[in-house]
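# Observations on chain architecture
Here's the letter readout for the chains.
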Amino acid sequence: MTNTGIVAIDCYAPQRVVTNDELSRFVDTNDEWIYSRTGIKKRHLSMGENTSDICVEVAKRLIEKTGTKPEEIDLIVVGTISPDYATPSTACLVQGAIGALNAFAFDVSAACSGFVYSLSVADKFIKSGQCKKAIVIGAEVLSKIMDWKDRTTCVLFGDGAAGALLAPCENGGILAESLGAKGEDALKLTASERKVENIFVEKDGENSNYLQMDGRAIFNFSTKVVPENVKGLMDKCGVSADEIKYVIPHQANSRIIDVVARKLKMPVEKFYLNLSEYGNTSAASIPLALAEMDKKGLLEKGDKIIIVGFGGGLTWGSMLIQW
Ligand code: COA
């Protein structure tokens, strides 16, 4: 059977870089607190580019580097929780902007698991033979849904986009996946609430437009579910930890990754981290890391890697990929 291969990967982050020190001029925080609790040193923040704008940059880069004609693309999926609009989808805006006339397009909402979920959906369209070329992007402009007065959240997140061009391949590519959700804890992480209000219904209380999070609960959830999820995937595939060259986790917090590595009995060096540079970029974080690794030449043909997302929903998902 045909597999889905990653033909190319690329990224785009807004130019403006904000260090912890700079942030502490606007928010009651400091570099020592942020870095020691999270591993974050800086983040890229949009100076006006919206989520679709940064996705379009990624899509253009992918098309250019692979010599693909926009009309050859038959699917565009964007994982995001910070779309420009509820409708049109971010993916449709990208489709229009790059002239991918033959593509159908939609967004996936799975927060920090958004890239893994989106890749999973695109994988099925390619494996079934319905699509030959798909673009999958994880992208967020989280700065527009941050409460910049809430130091417990605004220091953690950043803006960015990254994605992959997918096509059928004979060997390797996406080998297996394991996705999950825990809706009973859905309200531990919320953003952009919209209560019902119409001519017959008066809104019951204010909307909390901003991202809100029970940080401790998310920490505990992540350090429990991620090791179980990754171990379950490796067991299902009969792959040992030694055979995995890198684990590319969602980049939320280096302390979460330390615990995950310990629980999996894997050296922490196998976990690729770049959150010191970008902060938590939700759906963008895994492909941002992959794109950086690709640029550094860290990924060689045949390497087995695991990507693993976790976060709002609550959701999680891992994938075994042979590069
Ligand atoms: N700067 C300085 N002090 C801060 C601060 C900031 N940005 N944010 C919170 N604090 C203070 C708190 O007010 C509190 O002070 P107090 O003890 O006087 O009340 C103290 O620091 C400790 O706060 P607490 O929330 O207990 O810290 P923590 O050790 O749990 O760390 C997180 C907070 C958010 C870093 C941690 O819970 C975490 O990483 N959670 C996971 C979050 C995450 O990754 N979410 C996304 C997943 S997709």
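Residues numbered from 1 in each chain as written. Predicted model: local features only at pLDDT ≥ 70, side-chain atom pairs only at ≥ 80, totals over all residues. Heavy atoms only, no water.

### Thoughts on the domain arrangement of the protein
Segmentation of the protein into domains returns domain 1 (3-170) and domain 2 (175-322). Taken together, the contacts link 46 residues of domain 1 with 44 residues of domain 2. Here domain 1 packs against domain 2, burying approximately 3,500 Å² in sum over the two surfaces, 64% of which is carbon and sulfur. Summed over the shared surface of domain 1 and domain 2, the number is three salt bridges. The salt bridge involving Lys42 is made with Glu277; its shortest N-O contact spans 3.8 Å. Taken together, the connections running from domain 1 to domain 2 amount to 21 residue pairs in polar contact (both at pLDDT 80 or more). (Domains from an automatic or database assignment. Contact = heavy atoms within 4.5 Å. Buried area = accessible area lost by both parts, 1.4 Å probe. Salt bridge = Lys/Arg side-chain N within 4 Å of Asp/Glu carboxyl O. Polar contact = N/O pair within 3.5 Å; in protein donor to acceptor, adjacent residues only side chain to side chain.)

### Let's talk about the site of the ligand
The environment of the ligand is made up of 23 residues, and the closest members are Thr29, Arg37, Arg151, Arg216 and Asn253. Arg37 is positioned such that a nitrogen or oxygen atom in its side chain is 2.7 Å from an oxygen atom of the ligand. Considered on its own, the ligand offers 970 Å² of accessible surface; in the complex 74% of this is hidden by protein. If you map the ligand onto the pockets, it falls in the largest pocket. Top contributing element to the shell around the ligand by residue count: helix H7 (residues 215-237), with four residues. A class-by-class count of the residues in the shell around the ligand yields 10 nonpolar, eight polar and five charged. For the shell around the ligand, the domains that each give at least three residues are domain 1 (3-170) and domain 2 (175-322). (Near = heavy atom within 4 Å. Areas by Shrake-Rupley, 256 points an atom, 1.4 Å probe, with all protein chains shown as cover. 1 Å grid on protein atoms, 1.4 Å probe; cavity = no way out; pocket = protein on both sides within 12 Å on 5 of 7 lines; lining within 4 Å. Sits in = over half its atoms within 2 Å of the grid points. Helix = DSSP H or I, 4+ residues; strand = E, 2+ residues; numbered from the N terminus. Nonpolar A, V, L, I, M, F, W, Y, C, P; charged D, E, K, R; others polar.)

### With respect to the environment of Ala100
Within the secondary structure, Ala100 is located in the loop between helix H4 (90-98) and strand S5 (104-108). Residue classification places Ala100 among the buried residues on the basis of a relative accessible area of 0%. Taking the C-alpha atoms as reference, Ala100 lies 8.8 Å from Ile76; in sequence the two are 24 residues apart. Aside from chain neighbours lying at most four places away, what touches Ala100 is Pro70, Ile73, Ile76 and Gln95. (Buried < 20%, exposed > 50% of the residue type's maximum accessible area, 1.4 Å probe, protein only.)

### Topic: the sheet that holds strand S1 (residues 3-12)
Spatial strand order, S1-S7-S6-S4-S5: five strands in an open sheet with mixed pairing. Only two strands of the sheet have a single partner each, and these edge strands are S1 and S5. Strand-to-strand twist across the sheet, computed as the mean angle between neighbouring axes with direction ignored, equals 20°. Against the sheet, helix H3 (residues 51-66) touches S1, strand S4 (75-79), strand S6 (134-141) and strand S7 (159-169), its axis set at about 120° to S1. Strands S1, S4, S5, S6 and S7 of the sheet are contacted by helix H5 (residues 114-127), whose axis makes an angle of about 165° with S6. (Pairing = 2+ DSSP bridges. Axes fitted to C-alpha atoms, helices over the stretch in contact; angles between N-to-C directions.)

### Comments concerning the sheet that holds strand S12 (residues 304-311)
The four strands are arranged S8-S13-S12-S11 in an open sheet whose pairing can be described as mixed. In this open sheet, the two edge strands, each paired with only one partner strand, are strand S8 (173-181) and strand S11 (246-249). Ignoring strand direction, the axes of neighbouring strands in this sheet form an average angle of 15°. In this sheet, strand S13 (residues 315-322) lies alongside S8 in antiparallel orientation, the contact comprising eight bridges. Across the sheet, residue Gly180 finds its bridge partner in S13, namely Trp316. On the sheet, H5 packs against S8, S12 and S13 and is oriented at approximately 130° with respect to S8. On top of the sheet, helix H10 (residues 285-296) reaches S11 and S12; it is set at about 140° to S11, its chief contact.

### Structural notes on the side chain of Gln251
Position of Gln251 relative to the elements: it lies in the loop between S11 and helix H8 (254-264). Take Gln251: its relative accessible area is 1%, and that puts it in the buried class. A distance of 2.9 Å separates a polar side-chain atom of Gln251 from the backbone oxygen of Tyr272. For Gln251, the side chain forms a polar contact with the main-chain nitrogen of Leu275, separated by 3.2 Å. The contacts of Gln251, once residues within four sequence positions are left out, are Tyr272, Leu273, Asn274, Leu275, Gly279, Asn280, Ser285 and Ala289.

### Some thoughts on the environment of Gly129
One can find Gly129 in the loop between H5 and S6. According to the relative accessible area criterion, Gly129 is partly exposed, its value standing at 41%. Sequence separation of Gly129 and Lys42 is 87 residues, and the distance between their C-alpha atoms is 42 Å.

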